[in-house]
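Geometric and topological summary
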Amino acid sequence: MTYSSGTMHNEIPSCKNLINCLPGMALSFGVAAAAFVATKAEFALAGAVWLGGPILAIALGLVVAQALAPGGRFEAGIMFSSKTLLEVAIVLLGASISLQALQGAGLALVAGITLAVFVSIGVSYMIGRWMGLAPRLATLIACGNSICGNSAIVAVAPVIKAGREEIAAALAFTAVLGIATVFLLPLLYAYAGMGASKYGVLAGMTVYAVPQVLAAAAPAGALSVQIGTLVKLVRVLMLGPVLMVLGTISRDAGARRSAPVLPWFIVGFGLMMAMQSMGLLPDAVQRPVADAAEALTLVAMAALGLSVNIRTIAHAGGRVIAAATLSLGALAAIGYLLILALRIS
């Protein structure tokens, strides 16, 4: 299968019925299952998961796509999995984000993190455009670096109608940087003489995923881990407002072509987050909902890999990695300015 990096919505074949979708969905679920097993094996062998399930699912999907070139009867199910199942996963993701995480953080810190995230997105987007990246790819990298890595990229992609090659490229290269950051930040702590609180804020501002924050902040002790996790959770909470802003911008840009409404999955995400924050989701369903969101994301990423033209990613590789690296450096600088502004010791 060979695609240009057009919009996902314009390229998705119709899923007229379950039979029509079943072959491609089955293949996507199979690749996702293999990625899940691979992450378990990775943890068993290395004691940690450095390459997460979504990245492995994309990688395995790419391998299968190049080896088997699935097309024809597989295409509709693969496209359904990469779009609709992804949108359902985004809705379910809202149930894992609660506004209660803001309690105890302090108004100044929350306001500072909020400002830093939006400034970082703007600066990172300009870096991406300066490096010659297409607007959608620059937006994906900016949001991935500034908010929460893979989750932000996956959530933002449908809102801005990003192409599959753009999504895969952004995920692949930010994953590499995320792992590198976990290894490099402790060296900064060791040789720069930073205090635990200051280092915790820096780790929370620059590392992508919450588990990676724990790993990066651990060398500075429990206080650093607690602060880093709190800062990271506030960054994650910015995903909702950013999706709303991007959805509004996309709506306004296409006002002549479509009705002025937000995509259904953004509304669903917000409702799920509100229900979680108000305590309306029973404890008994929270874990299954989170597991379902994770599983559907894995299937969607597998389908994404199955539908990507690997030559497009390779062509964009140098520019993407340069833009992502510079963007991450800008985020670290913004995080350090936040530390200075708040006089964190």
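Residues numbered from 1 in each chain as written. Predicted model: local features only at pLDDT ≥ 70, side-chain atom pairs only at ≥ 80, totals over all residues. Heavy atoms only, no water.

1. Looking at the overall build of the chain
Basically, it comes down to this: The numbering of helices and of strands both runs from the N terminus, where a helix is a DSSP run of H or I of at least 4 residues and a strand a run of E of at least 2. We call a residue buried when its accessible area falls under 20% of the maximum for its residue type, exposed when it is over 50%, and partly exposed in between, using a 1.4 Å probe and counting protein chains only. Throughout, a residue-residue contact means that at least one pair of heavy atoms, one from each residue, lies within 4.5 Å. Throughout, the Shrake-Rupley method with a 1.4 Å probe supplies accessible areas, and for residues the shown protein chains are the sole cover considered.
When you go through the chain residue by residue, the secondary structure sums to 15 helices and zero strands. Across the 345 residues of the chain, 51% fall into the buried class. Pairs at least 24 apart in sequence give 80% of the contacts found in the chain among residues at least 6 apart. Accessible area of the chain: about 15000 Å², with a carbon and sulfur share of 70%.

2. A few points about the side chain of Ser 82
Cut-off, in case you're wondering: Distance and chemistry together define a polar contact, namely a pair of N or O atoms within 3.5 Å, with one atom able to donate a hydrogen and the other to accept it when in protein, and with adjacent residues in sequence counting only for side-chain atoms on both sides.
The topology assignment puts Ser 82 in helix 4 (residues 75-93). Given a relative accessible area of 2%, Ser 82 falls into the buried group. Engagement of the side chain of Ser 82 in a polar contact is seen with the backbone oxygen of Met 79, the distance being 3.0 Å.

3. Overview of a nonpolar patch on the surface
What counts is decided by this rule: Surface patches are drawn from residues lacking salt bridges whose relative accessible area is over 30%; two like charges belong together within 9 Å, two nonpolar side chains (Val, Leu, Ile, Met, Phe, Trp, Tyr) within 5 Å. The salt bridge criterion pairs a side-chain nitrogen of Lys or Arg with a carboxyl oxygen of Asp or Glu, the two atoms within 4 Å.
Judged by side-chain polarity, Phe 183, Leu 184, Leu 187 and Tyr 191 come together as a nonpolar surface patch covering roughly 510 Å² of accessible area. Along the chain, Leu 184 turns up in helix 8 (residues 164-192). Judged by relative accessible area, which is 53%, Leu 184 ranks as exposed.

4. Notes on the nonpolar core
What counts is decided by this rule: Take the buried Ala, Val, Leu, Ile, Met, Phe, Trp, Tyr and Cys residues and link them wherever side-chain atoms come within 4.5 Å; each set so joined is a nonpolar core.
Core analysis: the largest hydrophobic core is formed by 99 residues, its most contacted members being Leu 140, Ile 147, Leu 171 and Met 301. Looking at this core element by element, the count peaks at eleven residues for helix 14 (residues 283-306). Among all residues touching Leu 140, those that are not within four sequence positions of it are Ile 153, Val 156, Ala 157, Ile 160, Ala 162, Glu 166, Ile 167 and Ala 170.

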